[in-house]
Structures are given as C-alpha cells and as structure tokens.
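The chain contents come next:
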Amino acid sequence: MNLFRKGGFAVQDDMESFFHLLVYQAIRFLPSNCYNVPRFIELYFDDFVDYQGGYYVGADKMRSMRFGPVTTPISDRLMFFLSEPPSDLEAPAHEYPPYHPINSLIAGFLRIIKAHYHIHLPLEDPRTFEAPVTEPAKAAPTKTGVKKGTVYRRMLELKERGLPSFSPKPPMTPAEIEAEKARIEAEKARLKAERIRLEALAAKLASHDDMIVLFMDEYESEDWPAKDRVPDKSGR
C-alpha cells in the first residue's frame, strides 16, 4: 500500500499486509479453483516493480487492491471450497462442492482496501506516478468552433455502427436545458454520497476494532468448518 506514498507506514499498511497473509495461507492450505498454486504465488506475491531504485508491489496484487477481485493465473476469480473442486474447468456448477466461508471474509476485506485506495491513492492523481504531466496539444478550432476532425470521426463511428449519417444536433430547448441541469445536479449528489460511503468504508482499515468485527462475524458463523486444512499446495 505504501506505493509512491510519502511518509512512514500506517495502520492501514499493516492491515493490508494481514490481508495478503490471509490469502497466502488460504491458497496454500485450502481447496480452491486455482490449479497452479506455485504460479499464483509467483505472480501475486513474488512479482514486483523496480522503480527509481525502489521495489514496489507487482501488477497482479495492485490490480486486485484497486479493482478486485483476486484472480487465478487464468483470470478466474479466486474462490475457495470446502473440498477439492473438479479439475475440469468446464465442469457444470452442480459438480462443485460448497463454497468456503472465507470467500466472504476476503471479499469484505478487499472492499475496504479498495475504498482506501480510491480515497487516498486515486488513479487520476498524477502524484501516483511522480511523473511530469503535460497538457495534450489542442486541435485548432475551425470557423464553426468545432475541433478539426471531430465531426468526421463521429461520422465514421456512426457508419461503422450502421446508423444514419451524422447531422448536427439542434439547439436544446429551455425544457431540455433545465432537464440537463437537473441531471448534472443529481449526478453531483450521487458522487458526493458515494464519496461519503467510501470514506466511511476506508476508515475501517485504520481501526483494529472494525477489522476484528469483520473477522469475528465470519469466523463465528455456523458455516465455518472445524477442519478445512489440506496439504500444502505451494510446492515449497
């Protein structure tokens, strides 16, 4: 989590490390749909990025933290079971054993981590990559005020989609203008509410109590098996 972030480690970093430890132990000792565990460990845990003299988290792990879910080497969502699933990747659903409740724990944990990344390390922030950002060259406007090539590109898009030829959109009526203003305000309100939701979710990553509750809610469920460990699949 400390990728390109200034300052020392925080509680959130320890929590993310615990998440990776959870996945590491699960992939080694629980039945799953990952049929090449050593390769998964190599891609998810051992891979790294060499950047400006430092070593940072690899692409697979970062992709899971930002977007989720954790995936197998063949891009299936990583899922754990109460017993070994069929080796045939195209086996029908009814042939698979019941899911392990750890899936719910991992998903809930990952939602909190993704919220933290969204709030504190957004992709659109150029500081994420510490690289200079230059404005793209702007196309010179035509006499009509439309950028060169814009209309033509739109015509090609419509042609490829088999739609009628492009014709300029007539000016909006007063009613349409008001409707558009209302739509924009509604979208602003939605984004604000989503931001508040994500901030509340991300705050849990800094709270030991909230994370303990997350774990205990799952672990104390009636579905958690008493014995679920299988022999180590890591090959190590």
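Whatever comes next refers back to the structure up there.
Below, the structure is looked at part by part. Once a new chain begins, its residue numbering starts again from 1 and follows that chain's sequence as written. Only residues with pLDDT of 70 or above have their local features reported here, since the model is predicted, and side-chain atom pairs are shown and tallied only from 80 upward, although totals for entire chains, interfaces and linings are computed over all residues. Each side-chain value is derived from all of the structure's non-hydrogen atoms; neither hydrogens nor water enter the calculation.

## Describing the overall build of the protein chain
Summing up its helical and strand segments, the protein chain has seven helices and two strands in all. Helix and strand assignments follow DSSP, with helices taken as H or I runs no shorter than four residues and strands as E runs no shorter than two, numbered in order from the N terminus. Moving toward the C terminus, one meets the helices and strands of the protein chain in the order α-α-β-β-α-α-α-α-α. Contacts spanning at least 24 positions in sequence make up 68% of the contacts within the protein chain whose residues lie at least 6 apart. Every accessible area reported is derived by Shrake-Rupley at a probe size of 1.4 Å, with residue values counting cover from the shown protein chains alone. When the accessible surface of the protein chain is summed, it comes to about 16100 Å², and 57% of that surface belongs to carbon and sulfur atoms. Contacts are assigned to residue pairs that have any heavy atoms within 4.5 Å of one another.

## Quick notes on the packing of helix 3 (residues 59-66) against helix 4 (residues 102-120)
The packing of two helices is summarised by the inter-axis angle and the distance between the axes. Here helix 3 crosses helix 4 at 90°, and the two axes come no closer than 7 Å. Between helix 3 and helix 4, the angle falls in the class roughly perpendicular. Within the contact between the two elements, helix 3 uses Met62, Ser64, Met65 and Arg66 and helix 4 uses Leu110, Ile113, Lys114 and Tyr117. As a working rule, the residues Ala, Val, Leu, Ile, Met, Phe, Trp, Tyr, Cys and Pro are called nonpolar, Asp, Glu, Lys and Arg charged, and the rest polar, with Gly in that last group. Tallied by class, the residues present in the contact of helix 3 with helix 4 amount to five nonpolar, one polar and two charged. Axes, fitted as lines to C-alpha atoms, cover a helix only where it is in contact. Angles between the N-to-C directions of the axes lie from 0 to 180 degrees. Relative orientations are named as follows: roughly parallel for angles under 35 degrees, roughly antiparallel for angles over 145 degrees, roughly perpendicular for angles from 65 to 115 degrees, and oblique for any other angle.

## A short note on the nonpolar core
By size, the foremost hydrophobic cluster in this structure holds 38 residues, and its most contacted members are Phe19, Ile27, Phe40, Leu78, Phe80, Ile102 and Phe109. Elements with a contribution of two residues or more to this core: helix 1 (11-29), helix 2 (37-46), helix 3, helix 4, helix 6 (174-203) and helix 7 (208-219). Sort the elements by how many residues they give to this core and helix 4 lands first, with 10 residues. Those residues in contact with phenylalanine 109 that sit more than four places away from it in its chain are Met15, Phe18, Phe19, Leu22, Leu205, Met211, Leu214 and Phe215. We call a set of buried Ala, Val, Leu, Ile, Met, Phe, Trp, Tyr and Cys residues a nonpolar core when their side-chain atoms join them within 4.5 Å. Any residue under 20% of the maximum accessible area for its type is buried, any over 50% is exposed, and the rest in between are partly exposed; the area is computed with a 1.4 Å probe on protein chains only.

## Some points on the packing of helix 1 against helix 4
Here helix 1 crosses helix 4 at 150°, and the two axes come no closer than 11 Å. The pairing of helix 1 with helix 4 is recorded here as roughly antiparallel in orientation. When the axes of helix 1 and helix 4 are compared, the crossing they make is left-handed. Contact with helix 1, carried on its side by Gln12, Met15, Glu16, Phe18, Phe19, Leu22 and Ala26, involves Ile102, Leu105, Ile106, Phe109, Leu110, Ile113, His116 and Tyr117 of helix 4 and no other residues of that element. Residue classes in the contact of helix 1 with helix 4 are distributed as 12 nonpolar, two polar and one charged. Crossings are classed by handedness, with left-handed meaning an anticlockwise turn of the near helix from the far one by less than a right angle and right-handed meaning a clockwise turn.

## Things to note about the pattern of salt bridges
Any carboxyl oxygen of Asp or Glu that lies within 4 Å of a side-chain nitrogen of Lys or Arg is treated as forming a salt bridge with it. For the structure shown, the criterion picks out 10 salt bridges. Ionic pairing is found between arginine 195 and glutamate 199, a salt bridge with its closest N-O pair at 3.0 Å. Of this pair, arginine 195 and glutamate 199 are both found in helix 6, four residues apart, which corresponds to roughly one turn of the helix. Overall, arginine 195 belongs to the partly exposed group, its relative accessible area being 38%.

## Let's talk about a nonpolar patch on the surface
A surface patch of nonpolar side chains, about 290 Å² in accessible area, is lined by Tyr35, Ile74 and Leu89. Within the secondary structure, tyrosine 35 is located in the loop between helix 1 and helix 2. Looking at tyrosine 35, the relative accessible area reads 38%, which means it is partly exposed. Like charges within 9 Å and nonpolar side chains (Val, Leu, Ile, Met, Phe, Trp, Tyr) within 5 Å are joined into patches, using only residues over 30% in relative accessible area that form no salt bridge.

## Topic: the packing of aromatic side chains
We describe a pair of aromatic rings using the distance from one ring centre to the other and the angle between the two ring planes. For this analysis, a ring pair means two rings from Phe, Tyr or Trp (six-membered ring only for Trp) whose centres lie within 6.5 Å, classed as stacked if their planes differ by under 30 degrees, edge-to-face if by over 60, and tilted for the remaining angles. Applying the stated criterion to the full structure yields 10 aromatic pairs. Between phenylalanine 81 and tyrosine 99 the ring centres are 5.2 Å apart and the planes differ by 25°, which places this aromatic pair in the stacked class. With phenylalanine 81 in the loop between helix 3 and helix 4 and tyrosine 99 in the loop between helix 3 and helix 4, the pair connects residues that are 18 residues apart, well separated along the chain. Take phenylalanine 81: its relative accessible area is 4%, and that puts it in the buried class. We classify tyrosine 99 as exposed; its relative accessible area is 54%. Aromatic pair phenylalanine 109 and phenylalanine 215: ring centres 5.7 Å apart, planes at 80°, arrangement edge-to-face.

## As for the side chain of threonine 72
Along the chain, threonine 72 falls in the loop between helix 3 and helix 4. Setting aside residues no more than four positions away along its own chain, threonine 72 makes contact with Asn33, Cys34, Phe40 and Leu78.

## Remarks on the side chain of serine 64
Within the fold, serine 64 resides in helix 3. At 3.5 Å, the side chain of serine 64 forms a polar contact with the backbone oxygen of proline 69. For this analysis, a polar contact is any N or O atom pair within 3.5 Å, provided that within protein one partner can donate a hydrogen and the other can accept it, and provided that sequence-adjacent residues contribute only side-chain to side-chain pairs.

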